[in-house]
Number of protein chains: 2
Amino acid sequence: MAKDFYGELQLGILGGGQLGRMLIQEAINFNVNVHILDPDKNAPCRKLCNHFECGSLSDYDTVYNFGKNLDMITIEIEKVNVEALEALEEEGVIVYPQSRVIRLIQDKGLQKQFFKQNDIPTSAFQFISNAESLKTANLLIPYVQKLRKDGYDGKGVKMIRTEDDLPNAFTEPSIIEEIVDFEKEIAVIVARNDRGDIKTFPMVEMEFNPQANLVEFLISPSTYSFEIQQQAEELAKKIANDLQIVGLLAVEMFLTKSGEILVNELAPRPHNSGHQTIEGNITSQFAQHLRAIFNLPLGDTSAISNAVMINLLGEDGYEGLAKYQGVEEALAIDGVYIHLYGKKYTKPFRKMGHVCIVNPERELAISNARKVQEILKVIA
Amino acid sequence: MAKDFYGELQLGILGGGQLGRMLIQEAINFNVNVHILDPDKNAPCRKLCNHFECGSLSDYDTVYNFGKNLDMITIEIEKVNVEALEALEEEGVIVYPQSRVIRLIQDKGLQKQFFKQNDIPTSAFQFISNAESLKTANLLIPYVQKLRKDGYDGKGVKMIRTEDDLPNAFTEPSIIEEIVDFEKEIAVIVARNDRGDIKTFPMVEMEFNPQANLVEFLISPSTYSFEIQQQAEELAKKIANDLQIVGLLAVEMFLTKSGEILVNELAPRPHNSGHQTIEGNITSQFAQHLRAIFNLPLGDTSAISNAVMINLLGEDGYEGLAKYQGVEEALAIDGVYIHLYGKKYTKPFRKMGHVCIVNPERELAISNARKVQEILKVIA
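Note that the structure is a prediction, hence the values are computed from the model and not measured.

Rules of the game
Residues numbered from 1 in each chain as written. Chains lettered and ligands numbered in written order. Predicted model: local features only at pLDDT ≥ 70, side-chain atom pairs only at ≥ 80, totals over all residues. Heavy atoms only, no water. Contact = heavy atoms within 4.5 Å. Buried area = accessible area lost by both parts, 1.4 Å probe. Salt bridge = Lys/Arg side-chain N within 4 Å of Asp/Glu carboxyl O. Polar contact = N/O pair within 3.5 Å; in protein donor to acceptor, adjacent residues only side chain to side chain. Nonpolar A, V, L, I, M, F, W, Y, C, P; charged D, E, K, R; others polar. Least-squares fit on C-alpha atoms with pLDDT ≥ 70 in both. UniProt positions renumbered as here; feature names shortened; annotations may be inferred. Helix = DSSP H or I, 4+ residues; strand = E, 2+ residues; numbered from the N terminus. Buried < 20%, exposed > 50% of the residue type's maximum accessible area, 1.4 Å probe, protein only. Axes fitted to C-alpha atoms, helices over the stretch in contact; angles between N-to-C directions. Parallel < 35°, antiparallel > 145°, perpendicular 65-115°, else oblique. Left-handed = near helix turned anticlockwise from the far one by under 90°. Domains from an automatic or database assignment. Pairing = 2+ DSSP bridges.

K.L.:
Explain the interface of chain B and chain A to me, and be specific about the residues and the numbers.
P.N.:
With 38 residues of chain B in contact, the opposing surface of chain A contributes 38 residues. When chain B packs against chain A, close to 3500 Å² is buried across both sides, 50% of that on carbon and sulfur atoms. For the pair chain B and chain A, the number of links is two salt bridges. Between B:Arg195 and A:Glu328 there is a salt bridge, with the nearest N and O atoms lying 3.2 Å from each other. If you look at where chain B meets chain A, you find 25 residue pairs in polar contact (both at pLDDT 80 or more). Counted by class, the side of chain B that touches chain A contains 18 nonpolar, eight polar and 12 charged residues.

K.L.:
Pulling in residues and values, what's your account of the relation of the copies chain B and chain A?
P.N.:
The transformation that overlays chain B on chain A combines an axial shift of 0.0 Å with a rotation of 180 degrees, and the residual RMSD is 0.0 Å. Within this description, the copies of the chain are treated as partners about a two-fold rotation axis. Considering only C-alpha atoms, the residue of chain B closest to the rotation axis is B:Leu48, which sits at 2.2 Å. Looking at chain B, 100% of its interface residues are interface residues in chain A too, so the copies touch through the same face.

K.L.:
So what about the UniProt feature "binding site: ATP" (unreviewed entry) in chain A? Which residues, and what values?
P.N.:
Residue and element names in this part refer to chain A. In the numbering used here, UniProt assigns the feature "binding site: ATP" (unreviewed entry) to Lys108, Lys146, Glu177, Glu178, Ile179, Val180, Glu185, Asn264 and Glu265. Looking at the element boundaries, Lys108 is found in helix α5 (residues 108-117). Residues in contact with Lys108, not counting those within four places in the same chain, are Lys146, Leu147, Arg148, Gly151, Ile175 and Glu265. Relative to the helices and strands, Val180 is located in the loop between β9 (174-177) and β10 (182-192). Judged by its relative accessible area of 13%, Val180 falls in the buried class. What Val180 contacts, discounting residues up to four positions off in sequence, is Ser123, Phe254, Thr256 and Leu262.

K.L.:
I'd like a rundown of helix α1 (residues 18-27) of chain A, residues and numbers included.
P.N.:
Most of α1(A) sits inside the fold, with nine of its 10 residues counted as buried. Within the sequence span of α1(A), burial applies to A:Gln18, A:Leu19, A:Gly20, A:Arg21, A:Met22, A:Leu23, A:Ile24, A:Gln25 and A:Ala27.

K.L.:
Now, about the packing of helix α3 (residues 82-90) of chain A against helix α4 (residues 99-106) of chain A: what can you tell me, with residues and values included?
P.N.:
Residues and elements named next belong to chain A. Interaxial distance between α3 and α4 falls to 9 Å at its minimum, and their mutual angle equals 165 degrees. Taken as axis vectors, α3 and α4 run roughly antiparallel relative to one another. Crossing geometry of α3 relative to α4 is assigned as left-handed. Facing α3, whose interface residues are Val82, Glu83, Leu85, Glu86 and Glu89, α4 presents Ser99, Ile102, Arg103 and Gln106. The residue inventory of the contact of α3 with α4, partitioned by class, reads three nonpolar, two polar and four charged.

K.L.:
For the domain arrangement of chain A, give the residues involved together with the corresponding values.
P.N.:
All names here are of chain A. Split by domain assignment, chain A resolves into domain 1 (10-95), domain 2 (124-177) and domain 3 (182-379). Placing the centre of domain 1 and that of domain 3 at their C-alpha centroids yields a distance of 23 Å. Each partner contributes to the interface: domain 1 provides 18 residues, whereas domain 3 provides 22 residues. In this assembly, domain 1 packs against domain 3 so that about 1800 Å² is buried in total across both faces, 70% of it on carbon and sulfur atoms. For domain 1, the biggest contributors to the area lost against domain 3 are Gln18, Met22 and Phe30; these three give 28% of the whole. For the interface between domain 1 and domain 3, the tally reads one salt bridge. Linking Arg269 and Glu78 is a salt bridge whose minimum nitrogen-to-oxygen distance equals 2.2 Å. At the boundary of domain 1 and domain 3, one finds five residue pairs in polar contact (both at pLDDT 80 or more).

K.L.:
Before we move on, could you go through the pairing of strand β21 (residues 351-359) of chain A and cite the residues and values that matter?
P.N.:
Residue and element names in this part refer to chain A. In terms of residue burial, β21 counts as a mostly covered element, since nine of its nine residues are buried. In the sheet, strand β16 (residues 306-313) pairs with β21 via eight bridges, with the strands oriented antiparallel. Bridge pairing links Ala307 to Val358 in β21. As paired strands, strand β19 (residues 336-340) and β21 are joined by five bridges and run antiparallel to one another. Bridge pairing in β21 links His339 to His354.

K.L.:
An account of the sheet that holds strand β6 (residues 125-128) of chain B is requested, with residue identities and associated values reported.
P.N.:
Residue and element names in this part refer to chain B. Taken together, four strands build an open sheet; the order of strands is β6-β9-β7-β8 and the sheet is antiparallel. Taken across any chain shown, the strands that pair with only one partner, and hence form the sheet edges, are β6 and β8 (157-160). Averaged over neighbouring strand pairs, the angle between their axes works out to 25 degrees when direction is ignored. Bridge count for strand β7 (residues 143-147) against β8 is four bridges, and the pairing is antiparallel. Bridging across to β8, Tyr143 finds its partner in Ile160. Against the sheet, helix α5 (residues 108-117) touches β6, β7 and β9 (174-177), its axis set at about 145 degrees to β6.

So, in structure tokens, the structure goes:
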């Protein structure tokens, strides 16, 4: 990087939520001046940056004006105005991940085509574009329907299991996918810098909350065979290279019952499946993202310990000013790290924080995590 | 603590330097609203808190007005107006460490008397109060002279080795101490919460920069015998208990050539001798300080790895806008974590940051630290 950036670099982050917040916790070590754009005036980052701007991430002018005097822009959410980022890139602002990568990943349809073009294993799919094509496509039930755009945290996904689910199907442009009979959802986070250095974090295993369709439980490192882990990590590297992305890329995958790995979807940024790296790995995903976008040598990603991450979701049935129950009892367990996201209001299943539970023994990490899940509640 | 503090607690920190900055990095996880008072409008914390106030830490009204609407106050520097803290305590503001502890520790003479009264081993000493008493005391050269108040980072300490040094002696109230023929300077950080839980971090070994009289090199954990480590840790616990302190207490000690441990001085706050805990221990000193003042269960202090901490001091001969040389090369070494303090201007020996070097092998951690010391420079 041409500029001696320490203390001078003006870094913009599109989005000021928990990912931005944890990115700032690391950016502090680099003396970076952080500018945040977020539509929520109470965003978790609002008091932790050099400059907070409240505004829409999808509006061209807002994003363009936010970025035009900055040196570099990164994201903590994909749903941003890409045209504005393209214009900024042309004017010399560094945008990592690159706008073309964000454009591709914003559209799950383009992601699927990219997988196909690059021989990346993924479940069989077809597109539908409206109510009409949904009818005429003669789809074989059961299937998964995913909106091509704007889905997040399980929103924008529907399981069509029987004819009865059909009235609920989306009529917007979407992907129809085969339901994968998977044994486990796995993820690998990979980082790539501008000179092409590339490094993966160890593969992790995820368990989802079926009600909220959010990662609820994550175990690192995985105990699947070396071959499977290596295959997943090589796949993540291949995708990062095929994309020529600069920054972090989270690759969510299915491990099928027959032992095959299918890529599900991508996120070009720090990701929920990497939160345990803060305590569980030598370098955290947030530090790694900064190293990657600043074109610095990538850090060692080895696991330090077994780590289980649980999301701290707003308790069902509570809405309003957040209160945290059981913090003291949870912290009395050794190896428990609570991260609250600074969100003033809770609602059912809102991500209010996460907890990382480390333990030299995997089974103890898991059982302590289950204890914390019982103890720690976000109510109102 | 009566108040459900997460998200509501208004925490004031007196001082907005690097210790406050690293405390904020941890406080983010607790949703705490941080208020900072610091005399420097460019203080490292200025952009990382809910409210930054520029003002004197020694002025009664400034400290009192800063604190009167807060729930809790802590410090990152001892040189603060204690009378204001006493008034705030009387009005119900929680002050941790307590004002009486700060008052005692502010005055190295009171510290020495406290050691004596509580059978805490320390070097022989006597007081002098002015030029007159310095003359009439008939002191045996060589000795160390320390100002009772306002010394920090080696300032306020003079070695009187020969008659020639006498004209430089302080004439302010000071302590005259025997020069200790020590083998090693060691330190233990101990935490105590309001219900009396107490926990030490493993003992560390320090090496000083003789020119700047600053900790330059710190090794954790120590390889001295279990007996010595235990004795140092028990001593730290005893002092914390004798003081009934709430919060963190750094205890700096000499290990003499005859194997005796003598307490040198105390700091009632996070301390330079605990920076390696961020990467090197399960719980960091900053997280532990917050746990202690919030009366939460104290965290596990075990070492994760061998860790060496080096201070990143402003290079001699450079003054002005800070530039960082060798960051890329240093980060190419595995296990190197750089923490920059966000100080705009450098001057000779100013603490501009620190680096923690971890390695499963102690000798490699040390040799990598020496490499980083060669590579990484703060110039202007």
